[in-house]
Amino acid sequence: MTLNNTTIFKQACLINGDWMTTSDRLDVTNPASNEVIATVPNIDGDTINKAVDAAEAAFKLWRKVPAPERGEIVRRWHDLIVAHTDVLAEIMCCEQGKPLSEAKGEIAYAASYVKWFAEEAMRINGEILPGAAAGTHIRVSREPVGVCAAITPWNFPAAMITRKVAPALAAGCAIIVKPASQTPLTALALGELGIRAGIPKGVLQVVTGKASVIGDALCKNTKVRKLSFTGSTEVGSHLMAQCSHDVKKLSLELGGNAPFIVFDDADIDRAVEGLLKAKFRNAGQTCISPNRVYVHNAVIETFQTKLVAKVNALKVGNGLDDGVDIGPLIDAPAVDKVIEHVENALRNGAKLLAGGQRLAFGSNWYAPTVLTDVSATAQCACEETFGPLVPIIPFASEEQVIGYANDTPFGLAAYFYTDNLHRAQRVVDEIESGMVGINTGVISAANAPFGGVKASGLGREGAHVGIEEYLEMKYQCYAMKNL
């Protein structure tokens, strides 16, 4: 792909409707080859404050645009995203590394949130409540929170943006997006499509630069009333503290350590397929990726035999090549973490069934790996690996595996397979997680509330509750004169 021949390819920041550049630049590399494919501005805090001022001015006008008109503009953005699926997917593949087919799937997923919230703009409803005293009436309205900021990760360069931007726009907010420095090109392309859709200047801005500089400026600026962040719990906790000085509204989608449980009465073939889809998407670099795989002793041999055959058949390679199932990891430190987790598990008694080595393609490549007889206290069972590693941990009873599953500070996603309806309900009731997949490894959808409990974050994205994250309630008490 020749990126410069793509009309939505940008190497500048979108600030107040204009494309702004700087002499200070950051390299964007293709993780498949480590080749520099673009450079983007490395802006400073003063520029961020100017963007916030522009957003505040734009918000005062945008909030007054009638909901049907706002929704129609957001819907036009959706249509343009869908129309540019192939180009957006190629940009994403080049900067992030995931297979082209998977990147196209992400664009469709990202667009589904834009469509959903374009329609939700018409459903920002109020309430009329009984008066607490004679002659009084109570009304509750919902109003846009104001200027918002979104800080997004590198693993889903499109979907993590649309899940935040679309509800903000539909609610009547202005929003500044800071994409990950590894993957800013998809975000900038989405910004260009936003301009073409008719989003007014200053309402949607996309800025690039060092996360610490931009995050600090956004958190300190009192004109920013809402921050939405997807990333690690460590960074999310830091941002939460930074936002405390003026009590900004927060949405935090943070780390995970998802259990994947296969009971003795499960459909094994279905469980294997579900694990493949959930675990190896984006080379295991997803926040809801199964991180700990618990398999009942009675079916563990059958399960791992079928799984290993499937894993060995996966094609690893450059995401632009045909038939590729898994691309590179985002960078060499990501591979180092997988290696650390594999070696720790092997030292503590685990057995290697598949993979277990770097690949010859380069520093960012690691083979899809399966371990068995992994200790429940191994590093890969206690920490999020964020890579193509399946650690299989045997268990003997429902009570035991629920204890294993809940023994973590995180609670984003969980999965389990069983054909027993009573067991399914018991496990759902006992598992500590914001989202649970029962006999499926695919749980994300625009009309479902995405988010976790415990150290996995605050708030929800998607569904009808997603737009509430960008609204404030205003209670009004009317005292009526006697007639």
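My aim in this report is to walk through the structure given alongside it, one point at a time. (Residues numbered from 1 in each chain as written. Predicted model: local features only at pLDDT ≥ 70, side-chain atom pairs only at ≥ 80, totals over all residues. Heavy atoms only, no water.)

**A word on the overall build of the protein chain**
Put simply, the rule is: A run of H or I in DSSP becomes a helix once it reaches four residues, and a run of E becomes a strand once it reaches two; helices and strands are each numbered from the N terminus. Values of the radius of gyration come from C-alpha atoms, whereas the globule rule sets the reference at 2.2 Å times the count of residues to the power 0.38. Buried means the residue's accessible area, taken with a 1.4 Å probe over protein chains only, is under 20% of the maximum for its type, while exposed means over 50%, and partly exposed covers the values in between. Any two residues whose heavy atoms approach within 4.5 Å at even a single point are treated as in contact. This count recognises Lys and Arg as positive and Asp and Glu as negative, with His and chain-terminal groups excluded. Here the site of a charge means atom NZ of a Lys, CZ of an Arg, CG of an Asp or CD of a Glu.
Along the backbone of the protein chain there are 14 helices and 22 strands. For a compact globule of 483 residues, the expected C-alpha radius of gyration is about 23 Å, and the protein chain comes in at 23 Å, within 12% of that figure. With the C-alpha coordinates aligned to their principal axes, the bounding extent of the protein chain is approximately 80 × 60 × 40 Å. For the protein chain, the residues scored as buried account for 56% of the 483 residues in total. Partitioning the contacts of the protein chain with sequence separation of at least 6, the portion at a separation of at least 24 is 73%. Side chains of the protein chain give 45 positive and 52 negative charges; the mean places of these two sets differ by 7 Å.

**Re the nonpolar core**
For clarity, the threshold we go by: We call a set of buried residues a nonpolar core when its members are Ala, Val, Leu, Ile, Met, Phe, Trp, Tyr or Cys and they connect through side-chain atoms within 4.5 Å of each other.
Judged by nonpolar contacts, the single largest core of 68 residues is most densely connected at I261, V262, I288, F303, L307 and I392. Beyond its immediate chain neighbours, meaning those up to four positions away, F303 contacts V262, I268, A271, V272, L275, V293, V295 and I392. C173, V177, L188 and A197 belong to the second-largest nonpolar core, a separate cluster that totals 63 residues.

**A short note on the sheet that holds strand β13 (residues 290–296)**
Rules: Following DSSP output, two strands are said to pair if at least two bridges run between them. Interaxial angle, 0 to 180 degrees, is taken between N-to-C directions of lines fitted to C-alpha atoms, where a helix line uses only the stretch in contact.
Pairing within the open sheet is mixed, and its seven strands lie in the order β14-β15-β16-β13-β12-β18-β19. Strands with a single pairing partner mark the edges of an open sheet, and in this sheet they are β14 (351–354) and β19 (435–438). Sheet twist, expressed as the mean angle between neighbouring strand axes with direction ignored, is 20°. Pairing geometry for β14 and strand β15 (residues 369–372), over three bridges, is antiparallel. Bridging across to β15, K351 finds its partner in T372.

**So, the sheet that holds strand β22 (residues 471–479)**
In space, the three strands of this open sheet follow the order β5-β6-β22, with antiparallel pairing throughout. Edge positions in the sheet fall to β5 (127–129) and β22, since each of these pairs with one other strand and no more. When strand polarity is set aside, the average angle formed by the axes of neighbouring strands in this sheet is 20°. Note: β5 against strand β6 (residues 136–144), three bridges, orientation antiparallel. Along β6, the bridge assignment pairs I128 with R139.

**So, the pattern of salt bridges**
So the rule is basically this: Salt bridges are identified by distance alone: a Lys or Arg side-chain nitrogen within 4 Å of an Asp or Glu carboxyl oxygen.
If you walk through the whole model with that rule in mind, you get 28 salt bridges. A salt bridge links D216 to K220; the shortest N-O distance between them is 3.3 Å. With a gap of four residues between them, D216 and K220 both fall in helix α7 (residues 211–220), about one helical turn apart. Judged by relative accessible area, which is 56%, K220 ranks as exposed. The network of salt bridges with common partners includes D264, D265, E398, R423 and R426.

**Some thoughts on the layout of surface pockets**
For clarity, the cut-off: Grid points spaced at 1 Å over the protein atoms alone were grouped into cavities, where a 1.4 Å probe fits but cannot get out, and pockets, open sets with protein on both sides within 12 Å along at least five of seven lines, with lining residues defined by an atom within 4 Å of a point. Grid points are joined across faces, edges and corners, and a volume is the space filled by probe spheres set on the points. For this scheme, ten residues count as nonpolar: Ala, Val, Leu, Ile, Met, Phe, Trp, Tyr, Cys and Pro. Four count as charged, namely Asp, Glu, Lys and Arg, and the remainder, Gly too, count as polar.
Its volume calculated, the largest pocket comes out at about 990 Å³. Forming the boundary of the largest pocket are 38 residues, of which W154, F229, G231, S232 and V235 lie nearest the centre. Only α7, β10 (224–230), α8 (233–242) and α11 (332–347) provide two or more residues apiece to the lining of the largest pocket. Residues that form the lining of the largest pocket fall into these classes: 16 nonpolar, 15 polar and seven charged.

**Observations concerning helix α10 (residues 300–312)**
The condition is simple: In this scheme, a helix's expected span is set at 1.5 Å multiplied by one less than its residue total. Directions are taken from the helix axis to each C-beta atom, and the arc is the one they span.
Relative to the 18 Å expected for 13 residues at 1.5 Å per residue, α10 spans 18 Å between its end C-alpha atoms, a close match to the ideal helical length. Within the sequence span of α10, burial applies to I300, F303, Q304, L307, V308 and V311. Along the axis of α10, the buried positions cluster into a sector of 125°, meaning they face one direction only. Facing away from the buried side of α10 by more than 90 degrees, the exposed set consists of E301, T305 and A309. Its buried side turned inward, α10 meets β12 (258–262), α9 (268–280), β13, β14, β15 and β16 (389–395).

**A closer look at the packing of helix α3 (residues 85–96) against helix α6 (residues 185–197)**
Helix-helix packing: each pair is described by the crossing angle between the helix axes and the interaxial distance. We count it as follows: With respect to orientation, any angle under 35 degrees is reported as roughly parallel, any angle over 145 as roughly antiparallel, any angle of 65 to 115 as roughly perpendicular, and every other angle as oblique.
Packing of α3 against α6 leaves a shortest axis separation of 9 Å and a crossing angle of 160°. When the axis of α3 is compared with that of α6, the two are roughly antiparallel. For the pair formed by α3 and α6, the contact residues are L88, I91, M92 and E95 on the first element and L185, T186, A189, L190 and L193 on the second. Tallied by class, the residues present in the contact of α3 with α6 amount to seven nonpolar, one polar and one charged.

**Description of α11**
Condition: For this analysis, a polar contact is any N or O atom pair within 3.5 Å, provided that within protein one partner can donate a hydrogen and the other can accept it, and provided that sequence-adjacent residues contribute only side-chain to side-chain pairs.
Compared with the 22 Å implied by 1.5 Å per residue over 16 residues, the 23 Å span of α11 between its first and last C-alpha is a close match. Along α11, the positions that sit buried rather than exposed are A334, V335, V338, I339, H341, V342, N344 and A345. As for α11, its buried residues are in contact with β15, α12 (379–382) and β16. The residue sitting at the N-terminus of α11 and contributing the capping side-chain oxygen is D331; that oxygen lies 3.0 Å from the backbone nitrogen of A334. Positive backbone phi, approximately 100°, marks G349, located one or two places after α11.

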